[in-house]
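Coordinate inspection notes
Here is how the chains run, residue by residue.
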Amino acid sequence: MTSAPRRTRSRVWEAKRKAANGTMWIVACTATVAAVIPLVVILYYVAAHGLPALNIAFFTQLPKPPGETGGGMANAIVGTLVLVGLASAIGLPIGILGGVYLAEFGNNRFGWGVRFAADVLAGVPSIVIGILVWVIVVVPMHSFSALAGGVALGIMMIPTVMRTTEELVRLVPLSQREAALSLGATQWRTVFKVVLLAAKGGIITGVLLAVARIAGETAPLLLTTLGNSFWSTRLDRPIASLPLQIFQYAISPWDDWHAKAWAASLLLVLLITVLSIAARYVTRGRLRAVR
Amino acid sequence: MLDTAVMQHAETTAGADHPIKIAIAGLDFFYGRFQALRNVSLNVCERQITAFIGPSGCGKSTFLRALNRMNDVIEGARTQGRVLLDGEDIYAPDVDVVALRRRVGMVFQRPNPFPMSIFDNVAFGPRIHGFARGAELEDLVERSLTRAALWDEVKDILRQSAFSLSGGQQQRLCIARVLAVDPEVVLMDEPCSALDPISTLRIEELMNELKENYTIVIVTHNMQQAARVSHVTGFFLHGELIELGPSAKMFTQPDDKRTEDYITGRFG
């Protein structure tokens with residue numbers, strides 16, 4: 001029978017195929033687990049060390065002088081909120097309007113250049129942005145300040161927000177624009193009342209992710225806000241922030257400060273997790289609405 | 001020959017009841033180098049339904065979009081010739097396109113409601129033009145939805161998303177949205193091609209009612225639809241208007257051999 005050897009060969013081949021399939025499945029699973037391990041470990045350590053130090057005083061009190069136990073990080077929590085607010089006030093209008101421009105009018109050499117610049121800016125190390133802001137804001141003002149920190153973080157937000165906005169504005173179907181234009185809407189009304197509304201969910205997601213990213217930035221703040229052990233919400237003065245406080249406390253010699261650094265880390269991680277979940281949630285809503 | 005056809009048509013249909021609303025003379029249209037319309041001349045009469053048929057790519061949609069300058073949006077588009085709305089050239093340099101589009105509204109092939117509530121969709125036009133607010137706006141929205149034969153179905157769900165409606169309802173919502181800015185002319189670009197037969201029937205009934213107050217120009221793939229709803233039908237082929245005449249005549253004894261071939265299904 002001629003089919004006998006062929007059948008044998010195919011059985012061997014089949015076994016090899018199954019083995020290859022199984023091996024690849026295991027490799028892929030291992031890689032996936034390996035990718036998740038760091039996150040799990042971080043969450044575990046931060047929670048294990050941070051939770052004990054996370055109490056009411058942590059949220060309500062100011063830092064105690066070096067070496068003394070007790071106190072909290074109220075100033076750093078507020079400082080981070082102030083910095084994120086400032087950065088958003090600078091980064092969101094520029095990012096969103098720039099993105100709209102790129103999507104609606106950016107099919108020219110200038111648009112191409114801006115797009116390229118944004119992509120490069122997204123890759124610039126944050127410490128370099130810190131140095132830049134130190135030169136253009138801190139030096140002329142003769143002082144480290146919350147404002148300088150806001151500018152640095154705002155600059156960091158621009159490329160993400162701009163490119164996300166552009167992509168999502170481009171995704172809005174032409175039929176939506178046509179509908180608005182045919183009703184006698186001007187181009188800017190079409191963009192702001194219809195196109196941006198249609199792209200809203202995705203843009204909010206991009207904004208939340210950009211905020212999550214800058215909320216934990218440390219390097220540019222070293223050179224711009226300096227940090228502050230006291231209560232300050234003045235924009236022209238140094239201001240405290242969670243990442244900087246973590247940095248200072250972590251390299252200090254006192255156990256109590258180490259515990260507080262863990263607690264602050266936990267708070268930052270929670271903040272960023274909440275932002276990420278919110279971003280997911282908003283996106284989900286958008287997809288559901290469009291169907 | 002075309003001119004005589006237009007003249008005949010003008011004599012037979014234009015009168016005291018149905019004066020000429022839009023007069024198109026020698027209209028050429030180019031997408032870059034491609035000429036999509038060739039020397040189109042015809043009259044559209046007031047408070048009548050004028051339908052245009054023809055195979056895909058024959059220029060009928062382009063022609064429709066030329067009537068409210070929606071082609072302006074397309075890069076590399078160029079228009080020559082004259083389109084007179086109530087005797088005024090809409091392609092004159094001093095024409096305000098926004099004002100023009102308020103007078104000449106458009107319904108598209110696929111329902112394209114905005115991602116807003118049903119109410120806000122209809123209120124969009126009045127709001128941007130600032131001619132109604134508060135209770136007045138609510139009245140206007142109700143009137144528009146009633147005229148579009150949608151009010152009874154949506155009066156309790158005005159705050160819901162427009163996407164929650166069916167395709168046919170969405171298309172009637174789009175018609176209501178156009179009516180809310182009180183246009184004189186309504187252009188319809190294959191308004192039923194994405195709808196099921198029942199929704200199509202409803203839109204056709206609606207067109208019949210609307211013609212009492214509006215001038216309607218419709219482009220359709222569906223010849224039965226053109227025969228059912230329109231007073232006048234024009235046949236486009238390769239960017240040219242081959243023939244234009246009363247619909248009853250067009251679908252029974254067209255003058256041009258090409259029209260006959262198309263209508264009897266020999267091509268297209």
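Computed from a prediction, not measured in an experiment: that's the story for all the values here.

Quick word on the overall build of chain A
Summing up its helical and strand segments, chain A has 12 helices and 0 strands in all. Mapped from its N terminus to its C terminus, chain A presents α and β elements in the order α-α-α-α-α-α-α-α-α-α-α-α. Expected size for 291 residues packed as a compact globule is a radius of gyration near 19 Å; at 25 Å, chain A overshoots this value by more than 25%. Its C-alpha atoms give chain A principal-axis dimensions of about 90 × 60 × 35 Å. Looking at the 291 residues of chain A, the share that counts as buried comes to 41%. Within the structure as shown, chain A displays about 15800 Å² of accessible surface, and the carbon and sulfur contribution to it stands at 71%. Here chain A contributes 25 positive and 11 negative side-chain charges, whose respective centroids are spaced 15 Å apart.

Re the packing of helix H3 (residues 74-105) of chain A against helix H8 (residues 187-198) of chain A
All names here are of chain A. Running from N to C, H3 and H8 point in directions that differ by 110°, and their axes come no closer than 12 Å. Classified by the angle their axes make, H3 and H8 are roughly perpendicular. In the crossing of H3 with H8, the sense of the turn from one axis to the other is right-handed. The segment H3 lies against H8, with Leu-97, Val-100, Glu-104 and Phe-105 engaging Gln-187, Val-191, Phe-192, Val-195 and Leu-196. In the contact of H3 with H8, the residues fall into 7 nonpolar, 1 polar and 1 charged.

A closer look at the nonpolar core
B:Phe114, B:Phe124, B:Leu145, B:Leu173, B:Ile175, B:Met188 and B:Leu210 are the most contacted members of the largest nonpolar core, which totals 56 residues. Among the elements that line this core, the one with the most residues is helix H4 (residues 118-129) of chain B, at 6 residues. Residues in contact with B:Leu173, not counting those within four places in the same chain, are B:Pro113, B:Ile118, B:Asn121, B:Val122, B:Leu145, B:Leu150, B:Ala162 and B:Leu165. A:Leu92, A:Val138, A:Val161 and A:Leu168 belong to the second largest nonpolar core, which has 40 residues in total.

Regarding the pairing of strand E8 (residues 215-219) of chain B
Strand residues, when the strand is regular, have side chains that alternate between the two faces of the sheet. All names here are of chain B. Where burial is concerned, most of E8 is hidden: 5 out of the 5 residues are buried. Alternating residues of E8 divide into Thr-215, Val-217 and Val-219 and Ile-216 and Ile-218, and every residue in both groups is buried. Here strand E3 (residues 49-53) pairs with E8 via 4 bridges, running parallel. Note that in E8 the partner of Ile-49 across the bridge is Ile-216. Sheet analysis places strand E7 (residues 185-189) next to E8, joined by 5 bridges and oriented parallel. Paired with Leu-187 across the bridge in E8 is Val-217.

Brief notes about the state of the cysteines
Residue and element names in this part refer to chain B. Evaluation of the coordinates by the stated rule reveals 0 disulfides over all chains. Note on Cys-58: no disulfide assigned, nearest cysteine sulfur contributed by Cys-192 at a separation of 18 Å. Lacking any disulfide linkage, Cys-174 is separated from the closest cysteine sulfur, that of Cys-192, by 12 Å.

Re the interface of chain A and chain B
The interface of chain A with chain B comprises 18 residues on the first partner and 24 residues on the second. Between chain A and chain B, roughly 1700 Å² of surface is buried when both sides are summed, and carbon and sulfur atoms account for 66% of that area. If you sort the residues of chain A by the area they bury against chain B, A:Glu178, A:Ser182 and A:Leu183 come out on top, with a joint share of 35%. At the boundary of chain A and chain B, one finds 1 salt bridge.

Thresholds, definitions, all that
- Residues numbered from 1 in each chain as written.
- Chains lettered and ligands numbered in written order.
- Predicted model: local features only at pLDDT ≥ 70, side-chain atom pairs only at ≥ 80, totals over all residues.
- Heavy atoms only, no water.
- Helix = DSSP H or I, 4+ residues; strand = E, 2+ residues; numbered from the N terminus.
- Rg over C-alpha atoms; globule rule 2.2 N^0.38 Å.
- Buried < 20%, exposed > 50% of the residue type's maximum accessible area, 1.4 Å probe, protein only.
- Areas by Shrake-Rupley, 256 points an atom, 1.4 Å probe, with all protein chains shown as cover.
- Lys, Arg positive; Asp, Glu negative; His and termini not counted.
- Charge placed at Lys NZ, Arg CZ, Asp CG, Glu CD.
- Axes fitted to C-alpha atoms, helices over the stretch in contact; angles between N-to-C directions.
- Parallel < 35°, antiparallel > 145°, perpendicular 65-115°, else oblique.
- Left-handed = near helix turned anticlockwise from the far one by under 90°.
- Contact = heavy atoms within 4.5 Å.
- Nonpolar A, V, L, I, M, F, W, Y, C, P; charged D, E, K, R; others polar.
- Core = buried A, V, L, I, M, F, W, Y, C linked by side-chain atoms within 4.5 Å.
- Pairing = 2+ DSSP bridges.
- Disulfide = S-S within 2.5 Å.
- Buried area = accessible area lost by both parts, 1.4 Å probe.
- Salt bridge = Lys/Arg side-chain N within 4 Å of Asp/Glu carboxyl O.

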